[in-house]
Amino acid sequence: MVFKSLRRALGVGGPTVDTQLRTPDVRPGELLAGQVLFAGGEHEVEVERIVVELVTRVEVETSDGEYDSTVAFQKQQLTGGFRLAPGMQHAVPFQLPVPWETPITHLYGQRLPGMAMGLRTELEVARAVDKGDLDPINVHPLPAQAGVLAGFVELGFRFKTADLERGFIYGVRQTLPFYQEIEFWAAPQYQGVVTEVEVTFVTDPHGMEVIIELDKRRGGHDAIGRFKIGHAQAQAVDWIREVDGWMRQTAQSRRGWA
């Protein structure tokens, strides 16, 4: 599938770039494949490098408040320096590994509100970088992630929002400098204990750690539960029972649920 060209020229009559993806749909741990097509402009130029990178929008909290920042978190250099003659055309294929911790952008075929993810292509000439446009990609959940989220939905939780927080979760091994929070309104049977639930996945090639944070209705501190599950187990799990058990364990750890 061909996305819109990165038409911005680097100077008058400069080179142009067009990024093509084999498919915009991918899951964590897979390869995002495609090619970068570029053509010379009216004059010969020295291209210093061509780079593709995954970028997303991350919420940053400071003492002065919150703001959004665009963060590049996976980069691949496709070329070194070369001379691009006028009118010459080239294609460079690529396979960019998608990190296991890459946030989910889509669920049940629908984009999660609050999520923005894309592939950016950079063409650098004379130390001037054309970042071009952002080609959106769709990150779908792994089977274990889909199972957990389906468990919440089947139990009656209602999706609220999703966002990315800059930082690291204490006691959890992360490779990316941010983490995703998928937030739900509590299902009716839990509303006497919590109002909201935040779910975070920290995934690696073997499995994932699921962090559940409960926002208590009647004051007190939030409760946090951490649970591990392997990718190979996903097909055999009763996710409704599993998620309900996690919820009760987390609430009981604070003696908030008998």
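In this text the structure is predicted, and so the values were computed from the model without any measurement.

Definitions and cut-offs
- Residues numbered from 1 in each chain as written.
- Predicted model: local features only at pLDDT ≥ 70, side-chain atom pairs only at ≥ 80, totals over all residues.
- Heavy atoms only, no water.
- Helix = DSSP H or I, 4+ residues; strand = E, 2+ residues; numbered from the N terminus.
- Buried < 20%, exposed > 50% of the residue type's maximum accessible area, 1.4 Å probe, protein only.
- Contact = heavy atoms within 4.5 Å.
- Areas by Shrake-Rupley, 256 points an atom, 1.4 Å probe, with all protein chains shown as cover.
- Pairing = 2+ DSSP bridges.
- Axes fitted to C-alpha atoms, helices over the stretch in contact; angles between N-to-C directions.
- Parallel < 35°, antiparallel > 145°, perpendicular 65-115°, else oblique.
- Nonpolar A, V, L, I, M, F, W, Y, C, P; charged D, E, K, R; others polar.
- Polar contact = N/O pair within 3.5 Å; in protein donor to acceptor, adjacent residues only side chain to side chain.

Engineer: Can you break down the overall build of the chain residue by residue, with the values?
Structural biologist: For the chain, the count of helices and strands is 2 helices and 18 strands. A buried classification covers 51% of the 258 residues belonging to the chain. A separation threshold of at least 6 residues defines the contact pool for the chain, and within that pool the share at least 24 residues apart is 61%. Accessible area of the chain: about 12,900 Å², with a carbon and sulfur share of 48%.

Engineer: Break down the environment of Tyr-67 for me, with residues and values.
Structural biologist: On the secondary structure map, Tyr-67 appears in strand β5 (residues 65-79). By relative accessible area, Tyr-67 is classed as partly exposed at 41%. Apart from residues no more than four positions distant in its own chain, Tyr-67 is found in contact with Val-58, Glu-59, Val-60, Thr-62 and Arg-166.

Engineer: How would you explain the sheet that holds strand β7 (residues 89-97) if you had to name every residue and give the values?
Structural biologist: Across a sheet, paired strands are connected by hydrogen bonds in the backbone, their directions being either parallel or antiparallel. Ordered by their spatial adjacency, 3 strands build an open sheet running β1-β3-β7, and the pairing between neighbours is antiparallel. Each end of this open sheet is capped by a strand with a single partner; those strands are β1 (16-21) and β7. Pairs of neighbouring strands in the sheet enclose a mean axial angle of 20°, with direction left out of account.

Engineer: Describe the packing of helix α1 (residues 143-154) against helix α2 (residues 239-252), and please don't skip the residues or the numbers.
Structural biologist: The interhelical angle for the contact between α1 and α2, taken along N-to-C directions, is 75°, at an axis separation of 8 Å. As summarised for this structure, α1 and α2 are arranged roughly perpendicular, according to the angle between their axes. Two secondary-structure elements touch here, α1 through Ala-144, Gly-147, Val-148, Gly-151, Phe-152 and Glu-154 and α2 through Trp-239, Ile-240, Val-243, Trp-246 and Met-247. Class assignment for the residues of the contact of α1 with α2 results in 8 nonpolar, 2 polar and 1 charged.

Engineer: Give me the lowdown on the side chain of Thr-79, citing residues and values where you can.
Structural biologist: Checked against the element boundaries, Thr-79 lands in strand β5. Engagement of the side chain of Thr-79 in a polar contact is seen with the backbone nitrogen of Ile-50, the distance being 3.1 Å. Residues in contact with Thr-79, not counting those within four places in the same chain, are Glu-48, Arg-49, Ile-50 and Val-92.

Engineer: Talk me through the environment of Thr-19; I want residue IDs and the actual numbers.
Structural biologist: Looking at the element boundaries, Thr-19 is found in strand β1. As for Thr-19 and Leu-37, which are separated by 18 residues in sequence, their C-alpha atoms are 6.1 Å apart. Side-chain polar atoms of Thr-19 contact the side chain of Thr-121, separated by 2.7 Å.

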